[in-house]
Amino acid sequence: MPSAEPLVSALIPARDCERYVGEAIESALAQTHAAIEVVVVDNASCDGTAAVVRGFGDRIRLVHEGKRGIGPARNAAIRAARGVYLAFLDCDDLWQPRKTEAQLAAFASDPPPDIVLGYARQFASPDLDPERAAALRIPKAPQPGLYMGTALVPRRIVDRVGGWRDDVAVSDSLEWFLAARRLGLRELMLPDVVTLRRVHDRNHSLLNRDLRKEWARVLKQQIDERRGS
């Protein structure tokens, strides 16, 4: 008998993430909302990421995307998703067990939101050198999570906003939320901590600080598009 609960797709792009992707998957499977499908996109990994994912058997759908980059990986995940709602989890982060349940309930608000977010707490990965962790000054307090890793979005809204450019490297959340706000979509930020953001020695954003100029480019593109509309 089919479940009456709406299917939620947990979408995990993963590139060279064999150390952490298993824990990310476990946190998605541990959601108190039962109707969850987990889709992992192996984004041209050179390590054992795919092998870790295959170890979960038929509980996980594994998709291969040969074009490297977070943009192509997220787009591939969306194409593969079957859920009425889509949620995005980075391969090195973790969801709190009630994330999906609490966010689905929030869509019953009046007026209903288009996008439901929540707070994120950063944590030092156990394998991160303590001196390195101290130097990074990881915030102790949770922060409002205006990024894809805390979002739960109806599929129709994701389709309306559209996908990501292939050249996006570190500004995927910025690009998407700017596009959503341009459409006038309503965001709701829950006070709950829904996502734990792992800090480790191979964080994509830390390794690509020189790509922060991409953020300025994305902002300029959005401004230019708004002026031309």
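Above this text is the structure in question.
Residues numbered from 1 in each chain as written. Predicted model: local features only at pLDDT ≥ 70, side-chain atom pairs only at ≥ 80, totals over all residues. Heavy atoms only, no water.

Peer 1: I keep staring at the nonpolar core and nothing clicks. Help me out?
Peer 2: It is characteristic of soluble globular proteins that their nonpolar side chains tend to be buried jointly. In this structure, Val21, Ile25, Val38 and Val40 are the most contacted members of the largest nonpolar core, which totals 28 residues. Look past the residues within four positions of Val21 in its chain and what remains in contact with it is Ala14, Val40, Thr49, Val52, Val53 and Cys91. Residues Ala73, Ile78, Ala80 and Val161 belong to the second largest nonpolar core, which totals 26 residues. (Core = buried A, V, L, I, M, F, W, Y, C linked by side-chain atoms within 4.5 Å. Buried < 20%, exposed > 50% of the residue type's maximum accessible area, 1.4 Å probe, protein only. Contact = heavy atoms within 4.5 Å.)

Peer 1: I'm lost on the state of the cysteines in this one. Help?
Peer 2: Inspection of every chain in the model, using the stated rule, returns one disulfide. Sulfur-sulfur distance for the disulfide between Cys17 and Cys91 comes to 2.4 Å. Linking Cys17 and Cys91, the disulfide has an S-S dihedral of approximately 100 degrees and is accordingly described as right-handed. Residue Cys17 is located in the loop between strand S1 (8-14) and helix H1 (21-29), and its partner Cys91 is located in the loop between strand S4 (85-88) and strand S5 (94-95); the two are separated by 74 residues in the primary sequence. Considered together, Cys17 and Cys91 belong to a single accessibility category, that of buried residues. (Disulfide = S-S within 2.5 Å. Helix = DSSP H or I, 4+ residues; strand = E, 2+ residues; numbered from the N terminus.)

Peer 1: Can you walk me through the pattern of salt bridges in this structure?
Peer 2: A side chain of one charge can pair with a side chain of the opposite charge when the charged atoms of the two come close. Under the definition given, this model contains 13 salt bridges. Glu37 is the salt-bridge partner of Arg82, the closest N and O atoms lying 3.1 Å from each other. Here the residue Arg82 occupies a position in the loop between helix H3 (70-80) and S4, and Glu37 occupies one in strand S2 (residues 36-42), the gap between them amounting to 45 residues. Note that Glu65 is salt-bridged to Arg79, the shortest N-O span being 3.6 Å. Of this pair, Glu65 sits in the loop between strand S3 (60-64) and H3 while Arg79 sits in helix H3, and the two are 14 residues apart along the sequence. Judged by its relative accessible area of 15%, Glu65 falls in the buried class. Judged by its relative accessible area of 59%, Arg79 falls in the exposed class. (Salt bridge = Lys/Arg side-chain N within 4 Å of Asp/Glu carboxyl O.)

Peer 1: Sorry if this is basic, but what is going on with the packing of aromatic side chains here?
Peer 2: For any pair of aromatic rings, the description consists of the separation of the ring centres together with the inter-plane angle of the planes. Under the counting rule described, the total for this entry stands at three aromatic pairs. With a centroid separation of 6.0 Å and 75 degrees between ring planes, the pair formed by Phe88 and Trp164 is classed as edge-to-face. A residue pair is termed long-range when its members are at least 10 positions apart, and Phe88 in strand S4 and Trp164 in the loop between helix H6 (155-161) and helix H7 (172-182) qualify at 76 residues. The burial state of Phe88 is the same as that of Trp164; both residues are buried. Over the aromatic face of Trp95 sits the side chain of Lys99, whose NZ or CZ is 4.6 Å from the ring centroid. Over the face of the ring belonging to Tyr147 we find Arg197, whose NZ or CZ atom lies 3.8 Å from the ring centre. (Phe/Tyr/Trp six-rings, centres within 6.5 Å; stacked < 30°, edge-to-face > 60°. Lys NZ or Arg CZ within 6 Å of the ring centre and 35° of its normal.)

Peer 1: I tried to follow the pairing of strand S6 (residues 115-124) on my own but got confused; where do I start?
Peer 2: Side-chain positions along a regular strand alternate between the two faces of the sheet. In this sheet, strand S9 (residues 187-199) lies alongside S6 in parallel orientation, the contact comprising nine bridges. In the strand pairing of S9, Ala120 is matched with Thr195. Relative to strand S7 (residues 143-144), S6 runs antiparallel, the two sharing two bridges. For Tyr119, the partnering residue across the bridge sits in S7 and is Pro144. (Pairing = 2+ DSSP bridges.)

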